[in-house]
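# Observations on the three-dimensional arrangement
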Amino acid sequence: MTYKAQLTRFIAAAFILPFSLVFSSAFASAEQAQSNTQAPFRISLIHTAQSTGSPEALLVEGGSWVKIRKLVHGSLLIEHPEGNLLFDTGLGRQIDQAFAHNSWWQRQLFAYENVNPALDQMREQGLTERHISAIILSHLHWDHTGGLPDFPNTPVWVQPQGLDQAQHRAHRPAFLPELLENAQWSELVLSAQPYLGFAQTLDIYQDGRLILVDLSGHSEGQVGLFVNLDSGRSLFFIGDSSWVIEGIKNNKPRPSIVDLVSPVDWSRVMNDYVIEKIHNLSVKYPDLVIVPAHDEIVAGSIALFPQYEH
Ligand SMILES: [Zn+2]
Ligand SMILES: [Zn+2]
């Protein structure tokens, strides 16, 4: 698809979205009502790949040089009576082809292994692409959009400034344009409905269970997701604000050497502010499970697909 066609589709989506959201939500409800009138609200983390490992000191300021971390590339499956969602897609079937365009140095820096795409894992459980009503991306970096080409017909919700950055101000290796070519973009609009100190938010299904908040800093328009389970457990998926939980615990950013080797933060100043905000939140609400997208240890505390938690 040409850029112009893509832009036209995006602009059209911006105007149609308020209607299409209502429509798709109603459609999904009707479809699921037929198959299961008691569709549960539950989540499951799909591990799609992991990094080949690096010292924690390269992931967070003050991290250990001897502790090797193998970061996870995950996709969160959210089943909700009003429509099932994927939050991020991890790495997908076409990741090797897209990643091959990186330089040798970049391929070493972001090396991954054990790819097992979300769609393949879903199919093993008898689920198809149609199981997913929409994909929400925390942001458009390669390791979160890697599975997009596997869902060419699924609406993908992103804040407009995030898409604009990916399409006009993006660079390898953080963004891989091959992964973004045929996605069905839909504009995600947050509004001034404060939630736990975050000004711009969206209560996705208006039931207090899934709340998106703006976390711009690591990228333009990055969003975080609060998941309030019926069990009473609450989780906060914070994208790449920090790669590991130590950044939140200790209120520390990525080491500055990362900026020298391969800058990954759009605005380090804004991301520092986001980290501090999440740090303060974690102090105030010690039971809130903060989930950095790649922290493999925190990921271990979430039900692993095909297990679910309610
Ligand atoms: Zn990122
Ligand atoms: Zn990432």
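Residues numbered from 1 in each chain as written. Chains lettered and ligands numbered in written order. Predicted model: local features only at pLDDT ≥ 70, side-chain atom pairs only at ≥ 80, totals over all residues. Heavy atoms only, no water.

Below, the discussion takes up the nonpolar core. The biggest cluster of nonpolar side chains holds 43 residues, and the ones touching the most others in it are Leu 225, Val 227 and Phe 236. The next biggest cluster of nonpolar side chains, apart from the first, holds 24 residues, and it includes Ile 46, Met 122, Leu 137 and Ala 166. (Core = buried A, V, L, I, M, F, W, Y, C linked by side-chain atoms within 4.5 Å. Buried < 20%, exposed > 50% of the residue type's maximum accessible area, 1.4 Å probe, protein only.)

Time to look at the pattern of salt bridges. For the structure shown, the criterion picks out 16 salt bridges. Note that Glu 296 and Arg 69 form a salt bridge whose closest N and O atoms lie 2.9 Å from each other. Taken together, the residues span a long stretch of sequence, with Glu 296 in helix α10 (residues 296-299) and Arg 69 in strand β3 (residues 68-69) at a distance of 227 residues. Its relative accessible area of 21% is what places Glu 296 among the partly exposed residues. Classification of Arg 69 by relative accessible area gives buried; the value is 1%. As a salt-bridge pair, Asp 120 and Arg 93 come within 2.5 Å of each other at their nearest N and O atoms. Remark: Arg 93 occurs in the loop between β5 (85-87) and α2 (95-99) and Asp 120 occurs in helix α4 (residues 118-124); sequence separation between them is 27 residues. The exposure class of Arg 93 is partly exposed, given its relative accessible area of 41%. A single network of salt bridges, built from pairs that share partners, joins Glu 56, Lys 67, Arg 69, Glu 246, Asp 295 and Glu 296. (Salt bridge = Lys/Arg side-chain N within 4 Å of Asp/Glu carboxyl O. Helix = DSSP H or I, 4+ residues; strand = E, 2+ residues; numbered from the N terminus.)

This paragraph deals with the sheet that holds strand β9 (residues 184-187). Strand order in this open sheet of seven strands is β6-β1-β4-β5-β7-β8-β9, and the pairing throughout is mixed. Looking at strand neighbours, the two that pair on one side only are β6 (112-113) and β9, the edges of this open sheet. Here strand β4 (residues 72-79) runs beside β5; their pairing, made up of three bridges, is antiparallel. Across the sheet, the residue bridging to Leu 76 is Phe 87, located in β5. (Pairing = 2+ DSSP bridges.)

The subject of this paragraph is the coordination of the zinc ion (ligand 1). The zinc ion (ligand 1) binds to the protein through His 139 (NE2), His 141 (ND1), His 218 (NE2) and Asp 240 (OD); the donor distances cover 2.1 to 2.4 Å. For the zinc ion (ligand 1), the four donor atoms are set out with angles of 91 to 164 degrees between them, so the coordination reads as irregular. Within one chain, the residues serving as donors to the zinc ion (ligand 1) are arranged as H-x1-H-x76-H-x21-D. In this structure, the zinc ion (ligand 1) is positioned 3.6 Å from the zinc ion (ligand 2), and both are ligated by Asp 240. One end of the pair, His 139, is in the loop between β7 (134-136) and α5 (142-145); the other, His 218, is in the loop between β12 (210-214) and β13 (223-228), with 79 residues separating them in the sequence. The class of His 139 is buried, set by a relative accessible area of 2%. For His 218, a relative accessible area of 1% translates into the label buried. (Donors = N, O, S within 2.8 Å, 3.2 Å for Na, K, Ca; no water. Tetrahedral: all angles 85-135°; square planar, octahedral: opposite > 155°, others 65-115°.)

Quick look at the confidence of the model for the protein chain now. For residues with low pLDDT, the predicted coordinates do not support detailed interpretation. Model confidence for the protein chain is summarised by a mean pLDDT of 90, while 88% of its residues fall at 70 or above. Within the model, the stretch residues 1-35 combines pLDDT values under 50 with 36 contacts to residues more than four positions away or in other chains. (pLDDT = per-residue confidence, 0-100. Contact = heavy atoms within 4.5 Å.)

Turning to the packing of aromatic side chains, a few remarks are in order. The tally for this structure, following the rule as stated, stands at ten aromatic pairs. Both rings, one in Phe 99 and one in Trp 142, keep their centres 5.1 Å apart while their planes meet at 40 degrees; by these two values the pair is tilted. Here the residue Phe 99 occupies a position in helix α2, and Trp 142 occupies one in helix α5, the gap between them amounting to 43 residues. A single burial state applies to Phe 99 and to Trp 142, both of which are buried. Through a chain of ring-to-ring contacts, three or more aromatic side chains come together here, namely Phe 99, Phe 110, Tyr 112 and Trp 142. A cation over a ring is seen here: Arg 42 above Tyr 308, with NZ or CZ 3.5 Å from the ring centre. Taking NZ or CZ as reference, Arg 254 lies 4.5 Å from the ring centre of Trp 243, over its face. (Phe/Tyr/Trp six-rings, centres within 6.5 Å; stacked < 30°, edge-to-face > 60°. Lys NZ or Arg CZ within 6 Å of the ring centre and 35° of its normal.)

Taken across its five residues, strand β10 (residues 191-195) has zero buried, putting it largely on the surface. Where β10 lies against strand β11 (residues 198-203), three bridges are found, and the strand directions are antiparallel. Within β11, the residue paired with Tyr 195 across the bridge is Phe 198. Connecting β10 to the next strand, β11, in antiparallel fashion are two residues, including Leu 196 with a positive phi near 45 degrees.

With that out of the way, let us pick up the coordination of the zinc ion (ligand 2). Distances from the zinc ion (ligand 2) to its protein donors, Asp 143 (OD), His 144 (NE2), Asp 240 (OD) and His 294 (NE2), fall within 2.0 to 2.1 Å. For the zinc ion (ligand 2), the four donor atoms in the first shell make angles of 83 to 150 degrees at the metal, a pattern classed as irregular. All donors of the zinc ion (ligand 2) come from a single chain, and their spacing in sequence reads D-H-x95-D-x53-H. Exposure remark for His 294: the relative accessible area of 3% places this residue in the buried category.

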